[in-house]
Every structure is written in C-alpha cells, then in structure tokens.
Amino acid sequence: LLSSFTMSLVFDEYGRPFIIIRDAEKKARLKGLEAQKANITAARVVSNLLRTSLGPKGMDKMLVSPDGDVTITNDGATILAKMQ
C-alpha cells in the first residue's frame, strides 16, 4: 500500500520515529458517501477493540509504543490515547 509513495523516516525531539509521505498532496480526500463509509468502518474497528476491555470480565490490553514502552490497561480512554 505505501510502496507507491516516496517516504522519509525522521525522528521528533523525543527520539520517536515517524514517516513523512512526500506524495500525500496527490492523494484525494474522501467525500460524501465514501467518507461516511470510511468513518463507520473506523468506528466499528475501535468499538471491537474496546469491547473486550469493558465490563466486569473485561480483559487487559498490552500496548507497545514504537519506542518499546509497554502499557497494560483495560481503561478505554488510555487505550484510545495511546493509539494516536
């Protein structure tokens, strides 16, 4: 998927890596029904991820950041914050 883009790997002031995609301006934004479908799909993926961590039998999630930090939690807000 990303192989058609020109990319650069750079690091922020904390040493975390991120990718700059040079051909991003050539990609068109989704509009109308296609944008709504993409948003609904994204919401379903997030809800399926969080569903198993809710309730009295909620399971913990282990999150590993790109720099190797490990967080174990079943708090939905923490999971969403770490996904950004």
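Residues numbered from 1 in each chain as written. Predicted model: local features only at pLDDT ≥ 70, side-chain atom pairs only at ≥ 80, totals over all residues. Heavy atoms only, no water.

Visitor: How do you make sense of the environment of Ser65 when you look at a structure like this?
Guide: In this fold, Ser65 is placed in the loop between strand 3 (61-64) and strand 4 (70-73). Here Ser65 falls in the partly exposed class, since its relative accessible area comes to 25%. Remark: the alpha-carbon pair of Ser65 and Met83, spanning 18 residues in sequence, is separated by 8.7 Å. Engagement of the side chain of Ser65 in a polar contact is seen with the side chain of Asp67, the distance being 2.3 Å. (Helix = DSSP H or I, 4+ residues; strand = E, 2+ residues; numbered from the N terminus. Buried < 20%, exposed > 50% of the residue type's maximum accessible area, 1.4 Å probe, protein only. Polar contact = N/O pair within 3.5 Å; in protein donor to acceptor, adjacent residues only side chain to side chain.)

Visitor: What should I look at first to understand the pairing of strand 4 in this one?
Guide: Along a regular strand, successive side chains alternate from one face of the sheet to the other. Examined bridge by bridge, strand 3 and strand 4 share 4 bridges and lie antiparallel to one another. Within strand 4, the residue paired with Met62 across the bridge is Ile72. Where strand 3 folds back on strand 4, the antiparallel hairpin that results is connected by 5 residues, among which Gly68 adopts a positive phi of roughly 95°. (Pairing = 2+ DSSP bridges.)

Visitor: Teacher, can you tell me more about the confidence of the model for the protein chain here?
Guide: The predicted coordinates of low-pLDDT regions are not to be read in fine detail. Within the protein chain, residue pLDDT values average 80, and 82% of them lie at 70 or more. The spread of mean pLDDT over the elements of the protein chain runs between strand 2 (residues 17-21), the lowest at 72, and strand 4, the highest at 90. (pLDDT = per-residue confidence, 0-100.)

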